[in-house]
Amino acid sequence: MYKRNIYTVLENKNIAKDVFLMVLEGDTSFITAPGQFINIEIEGLYLRRPISVCDWDDKTITIIYKVLGKGTEIMSKMAPGTKLDILTGLGNGFNTQNEYKNPLVIGGGVGTPPMYGVVKDLLSKGVKPTVILGFASKEDVFGEEEFKALGVDVYITTNDGTYGTEGFVTDVIKNLSGYDYFYACGPMPMLKAVSLSTECSGQLSFEERMGCGFGGCMGCSCKTLTGNKRICKEGPVMLKEEIIW
C-alpha cells in the first residue's frame with residue numbers, strides 16, 4: 001500500500017561528490033520498514049524518480065541521492081520550501097524480525113542510505129550489527145560518522161584505496177568471522193559478490209531503473225526460483241536463496 005501526498009523540502013545539502021541529503025516534511029505513516037522507497041514527481045519530466053528512504057520519523061523523511069541525470073540534477077537545486085508530489089510506502093523493505101544476533105549490514109555507494117534505517121531497527125531490537133560500506137574513492141564516502149554515532153563498528157572500503165581498506169566490501173567480509181546473517185544494498189555486481197562469498201543467509205535490496213514504481217509496467221523484474229519478480233513491487237528486498245544470478 002502506498003500513498004500520494006505533498007511534501008515540503010526542509011533541507012537539501014551536498015554531502016559527498018555529486019551526493020545530496022534532502023529532508024522532507026509530510027505524512028510518513030505509510031513507511032513501515034527500512035528499505036522502502038519514495039517516488040518523486042519532477043516538474044517537466046514524465047517519470048517519477050525512485051529514491052530509497054534513509055531515515056524517517058513521525059514528521060520527516062530523509063533521503064540521500066546521487067546526481068546521475070536530469071531529474072536528480074533538478075532535485076539538487078531545490079531550495080527549502082519547495083513542494084513535491086511524492087508517492088510513499090513503496091516496495092517491501094528489510095525484515096529484521098528474526099533470531100540472528102551477529103548480522104552484517106552492507107552498503108555500496110548510494111545503496112548505503114537505507115542501511116542506516118536497518119541499523120537503527122536492529123539496535124532497537126537489541127541486535128548490534130557490524131557495518132561495511134563500499135565506495136569508489138575517498139571523495140565518494142559519506143555516512144561513516146553517522147553510523148558510528150549509533151554505536152556500531154564501521155568498516156569503509158574504496159576501490160582505489162584512497163580511504164579505508166583498498167578493494168571491495170567482500171575484502172572485509174573474508175576477514176570477519178562469527179557473523180550469522182547479512183543485509184545488503186548496492187549495485188548488482190556487489191550484491192552478487194556478497195551473495196556468493198557468504199555461507200549464511202541474507203537479504204538483498206536491488207537498485208534498478210523503474211518506470212512506474214508500483215508494479216504496473218514490469219520494467220524492473222529479476223529472475224528468481226519462483227519466476228520473475230518486480231523489484232519495485234515484490235522487492236526491492238529479496239532473500240539471497242531465491243535469486244538466480
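Up top is the structure these notes are about.
Residues numbered from 1 in each chain as written. Predicted model: local features only at pLDDT ≥ 70, side-chain atom pairs only at ≥ 80, totals over all residues. Heavy atoms only, no water.

K.L.:
Mind showing me how you'd approach the packing of aromatic side chains here?
P.N.:
We describe a pair of aromatic rings using the distance from one ring centre to the other and the angle between the two ring planes. Following the criterion strictly, the structure yields 6 aromatic pairs and no others. Centre to centre, the rings of Phe135 and Phe142 are 5.4 Å apart; their planes meet at 65°, and the pair counts as edge-to-face. Accessibility classification places Phe135 together with Phe142 in one group, the buried group. Between the aromatic rings of Tyr181 and Tyr183, the centroid separation amounts to 5.1 Å while the plane-to-plane angle is 65°, which identifies the pairing as edge-to-face. (Phe/Tyr/Trp six-rings, centres within 6.5 Å; stacked < 30°, edge-to-face > 60°. Buried < 20%, exposed > 50% of the residue type's maximum accessible area, 1.4 Å probe, protein only.)

K.L.:
When you look at a nonpolar patch on the surface in this model, what are you seeing that I'm missing?
P.N.:
Together, Met188, Leu196 and Trp245 make up an exposed nonpolar region whose accessible area comes to about 300 Å². Along the chain, the position of Trp245 falls in the segment after β15 (237–239). Classification of Trp245 as partly exposed rests on a relative accessible area of 35%. (Patch = residues over 30% accessible without salt bridge, like charges linked within 9 Å, V, L, I, M, F, W, Y side chains within 5 Å. Areas by Shrake-Rupley, 256 points an atom, 1.4 Å probe, with all protein chains shown as cover. Salt bridge = Lys/Arg side-chain N within 4 Å of Asp/Glu carboxyl O. Helix = DSSP H or I, 4+ residues; strand = E, 2+ residues; numbered from the N terminus.)

K.L.:
Hey, could you run me through the environment of Glu25 in this one?
P.N.:
On the secondary structure map, Glu25 appears in strand β2 (residues 19–25). Residue class for Glu25 comes out partly exposed when judged on its relative accessible area of 37%. Considered as a pair, Glu25 and Asp57 are 32 residues apart in the sequence and their alpha carbons are 9.8 Å apart. The contact partners of Glu25, leaving out residues within four places of it in the chain, are Ile6, Tyr7, Thr8, Leu10, Lys59 and Thr60. (Contact = heavy atoms within 4.5 Å.)

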